[in-house]
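# Coordinate inspection notes
Letter by letter, the chains look like this.
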Amino acid sequence: QVFDLHPYVSVNQRMRALDKRWTCPVCASPIRPNDIIFDKFAQTVLDSVRGKEETVETIVFSQDCTWNVHYYDKDGVREHESASPPAQLISLDDSD
């Protein structure tokens, strides 16, 4: 799951209830600071909508790793923006 690191760490450092510390804010599974990874793909998606968060309706992901952002403008009209180039797919299959 994707979540913002800084608030996560800040909240957990101040939390008094030890049994609720270091749990995923989305699914409540245990997640320690060493388990967290920085996802460049997720950051790219977030960067593409920075400053337009209030108008984002959805982000649609395709099987080919492309994604599109759907916005609402100030009049409530839905707009579509192609936000990503096709990604290079890498096979992790070890059978040759």
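Bear in mind that the values here come from a model prediction, so they are computed numbers and not experimental data.

Our focus in this paragraph is the packing of aromatic side chains. What the rule picks out here adds up to 2 aromatic pairs. Ring plane angle 70 degrees and centroid distance 5.7 Å describe the contact between Tyr8 and Trp22, whose orientation is recorded as edge-to-face. Taken together, the residues Tyr8 in helix 1 (residues 5-14) and Trp22 in the loop between helix 1 and helix 2 (40-49) connect sequence positions 14 residues apart. As far as burial versus exposure is concerned, Tyr8 and Trp22 are alike and both buried. Plain terms: the ring middles of Phe41 and Phe61 are 6.0 Å apart, the flat faces sit at 55 degrees to each other, and that makes the pair tilted.

With respect to the element layout, Ile36 can be found in the loop between helix 1 and helix 2. The sequence separation of Ile36 and Val2 amounts to 34 residues, and the corresponding C-alpha distance is 9.9 Å. Leave out the neighbours within four places in its chain, and Ile36 touches Leu5, Tyr8 and Ile31.

The rules behind these values
Residues numbered from 1 in each chain as written. Predicted model: local features only at pLDDT ≥ 70, side-chain atom pairs only at ≥ 80, totals over all residues. Heavy atoms only, no water. Phe/Tyr/Trp six-rings, centres within 6.5 Å; stacked < 30°, edge-to-face > 60°. Helix = DSSP H or I, 4+ residues; strand = E, 2+ residues; numbered from the N terminus. Buried < 20%, exposed > 50% of the residue type's maximum accessible area, 1.4 Å probe, protein only. Contact = heavy atoms within 4.5 Å.

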